[in-house]
Structure formats: C-alpha cells, structure tokens
Amino acid sequence: MENVSAVTSFILTAYTELEDHRYLYFICFLLLYIVILLDNLILIVVICTEKSLHEPMHLFICSLSVNGVCGSTVFFPSVLSHLLSQNYEISLPFCLLQIYCIISYALVEFTILAVMSYDRYAAICHPLHYHLLMSPRKVSAAIVLSWVVPCVYYAFFFILSTAQLPFCERHIEKMYCMYFELVKLSCFDTTTLRILGPVSFIVCPSPQIVMILFSYACILRVCLSASKESQAKALQTCTPHLLAVINFSVGCLFEVIQSRFNMSHIPHQARIFLSLHMGIFPLLLNPVIYGISIQAIKVQIFKLLSSKKRSETHSW
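Residues numbered from 1 in each chain as written. Predicted model: local features only at pLDDT ≥ 70, side-chain atom pairs only at ≥ 80, totals over all residues. Heavy atoms only, no water.

A few points about the sheet that holds strand β3 (residues 171-172)
What counts, and what does not: Should DSSP find at least two bridges between two strands, the strands are regarded as paired. Going along the chain from the N terminus, every DSSP run of H or I of four or more residues is numbered as a helix, and every run of E of two or more is numbered as a strand. In what follows, a contact means two residues having at least one pair of non-hydrogen atoms within 4.5 Å. Fitted lines through C-alpha atoms give the axes, limited to the stretch in contact for helices. The angle between two N-to-C directions lies from 0 to 180 degrees.
With respect to topology, 3 strands assemble into an open sheet ordered β2-β1-β3, the strand pairing being mixed. Strands at the two margins of the open sheet, each flanked by one partner only, are β2 (89-91) and β3. Along the sheet, helix α4 (residues 92-125) contacts β1 (9-12), β2 and β3; its crossing angle with β2, the most-contacted strand, is approximately 85 degrees.

As structure tokens, then:
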C-alpha cells in the first residue's frame, strides 16, 4: 500500500531520446501547432461567416475542424512544455485528463466522419429527398450527438475502469499518456481491463464503421449503374471524405499496434512517428483537403485572404 500511495506522477521516457536536438524538435512542433490552428480556424471562420456555406456537409466539416483545434490543444502544449523545460514528469490527474481528452477526440472525429459518410449517401443515392433527410434540425442533432455520445460513453468507461486504479510503476514509454500504457503500470491484476479495453474500443466505433461501409456500399451500387459523368461527380464529392477516413484510420491503427505489441525492435524515431501520426496528420491535412477540393470553400477562403490583404494595403 505504501507503493500504491507513493505513485502520484509518471515519467514520459520517450523524451529522453530527443534531448540532443530538443530545441529543433520544439521549433518543429511549435510550427506544426501554429499551422494546424491556422488551417482549422480559417476553415471555421469561413464556414461560420459565409451563409452560402451553411449546408450540411460544410457544417460537418466545421465541426471536424473544431475537433481538430481541441485535439491539437490537448496534445501540442504538453509536448512543447516537456521539450522546453526538460521535465518529463506528468501528474496522475493530468495524465488521466490527457487520456480522456485524446480518446474523446478520436471517438468524436470518427463519429463526425461517419455522419459525413451518411450525408454523402443521402446526396448521391437520394438526391430528391436530400433536404428532407438532412434537414437543419437533423443536422443540428447529428452534430450535437456526434460530440455528446462519444464523450459521455468514454467518461463512464474511464471512470469505472481506469480512474480508480492504483499504480506502482512510473515510467511510460511515450510522449503522452495513453490508456493501455497506463493500465500496464497498475499494481493490481488488470487482465480483465486489458480485455475490456479493446472490446470497448471495438464496440464504440462499430456503429460508425457500419455506417461508413453501408454508405459507400450504396454509393458504389448507384455509381455502377450511373453515367460516367455522374460517376466522376460522385468520385469528386466523396474523395475528400475517403482521404480523411483513411488518414485517420491509419493513425488509429498505428496507435493500437504500438500499444498492443512489442515494438522494441523498431527504431525509436520510427516509433515516435507512428505514435504521433494520429495527433498530427489528420489535424494538419483535413482542412487542407477540404479547403482545396471543395470549390465553394476554396473560393471563400481566397476571398477572406484577399480582403485581409487589401485592408492591410489600405492601412499602409
């Protein structure tokens, strides 16, 4: 019991491998954080201020960008602080909070992507009933539920399973706290949790996976019997979303593989890259993909940037 009560903080040992070039890493992560914030905030401002973009798909993209800002803020300030201070210790409450926020970000992201796949299904497979299927009331409910359901679901699981665990070891071989890494450090037998954890992470996104697969199966069926022009239009409409789903799924897969399997034979830099994929590339690329590929958004972004440039010129 003395050991149990003594462990109130953890050491993130992955930072020790970055000490020789920590200022270079600090600058790189800081620039990434700024670019991610700017990318997502520009998209949010453009969609919120331009009434012509208050369509279901654009509103879902806005929600995705808001989640991107939240996810990056959970991850980057902590990494920057550890790199600059050379203090790799993290308190137990903050570690638990970080785990909850990171997993909630991932579940919300996947849920929004699932809702967006249904939106594409409604637009392509039922164009005449699209405004009925995606009415303002239904869109608002979908956005709210895509945030509330994952966060509440994981809050119950996290409080009942992990938050009450005592810990006897302090070293976490990552740059941030994660569920599986923390469970390994518990003083008690966590066999049940090691089974329930993966099961819960499979059960929670299962409806989203089914929705995405169902939507694209229906879209594919319609496209096979459509004209080449309609196929090209459907492909153009779905490509940004498919890229976002694949990009995020790959990052989640990397995280699961690292958590569940022995990766000691993989070079340390490669392990860091794999663990950071989910926290960097979806957040960085999603606004770029949607901002470039969707003409209506691209036009408004150029208008916003050009108007700012003109105002700066007049001020001079």
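Here we look at the confidence of the model for the protein
Here is the rule: What pLDDT conveys is the predictor's confidence in a given residue, as a value from 0 to 100.
This prediction gives the protein a mean pLDDT of 84; 88% of its residues lie at or above 70. Low pLDDT, under 50, characterises residues 1-5; the predicted model gives this stretch 6 contacts beyond four residues in sequence or across chains.

Some remarks on the nonpolar core
Defined as follows: Residues belong to one nonpolar core when they are buried, are Ala, Val, Leu, Ile, Met, Phe, Trp, Tyr or Cys, and are joined through side-chain atoms within 4.5 Å. The cut-offs for exposure are 20% and 50% of the maximum accessible area for each residue type, with area from a 1.4 Å probe on protein chains only; residues under the lower value are buried, those over the upper are exposed, and the others partly exposed.
Counting residues in each nonpolar core, the largest one holds 88 residues, and the members touching the most others are F10, F29, I61, I99, M116 and M175. When residues of this core are assigned to their parent elements, the largest contribution, 20 residues, is made by α4. Not counting the four nearest positions on each side in its chain, I61 is found in contact with L43, I47, M116, Y290, I294 and I297.

Some thoughts on the pattern of salt bridges
For clarity, the cut-off: A carboxyl oxygen of Asp or Glu within 4 Å of a side-chain nitrogen of Lys or Arg is what we treat as a salt bridge.
The full count for this structure, using the stated rule, is 3 salt bridges. Here R170 ties to E89 by a salt bridge, and the two come within 2.9 Å at their closest N and O atoms. Here R170, found in the loop between α6 (136-161) and β3, pairs with E89, found in strand β2; they are 81 residues apart in sequence, far enough to count as distant. We classify R170 as partly exposed; its relative accessible area is 32%. Judged by relative accessible area, which is 36%, E89 ranks as partly exposed. One salt bridge in this structure joins D119 and R120, with 2.6 Å as the shortest N-O distance.

Things to note about the state of the cysteines
For the record, the criterion: Cysteine sulfurs are considered disulfide-paired once they come within 2.5 Å of each other.
As enumerated under the stated definition, the model contains 1 disulfide in all. Covalent S-S linkage joins C95 and C177, the inter-sulfur distance amounting to 2.0 Å. Disulfide C95-C177: torsion about the S-S bond near -120 degrees, hence left-handed. Of this pair, C95 sits in helix α4 while C177 sits in the loop between β3 and α7 (179-183), and the two are 82 residues apart along the sequence. Each member of the pair, C95 together with C177, is buried.

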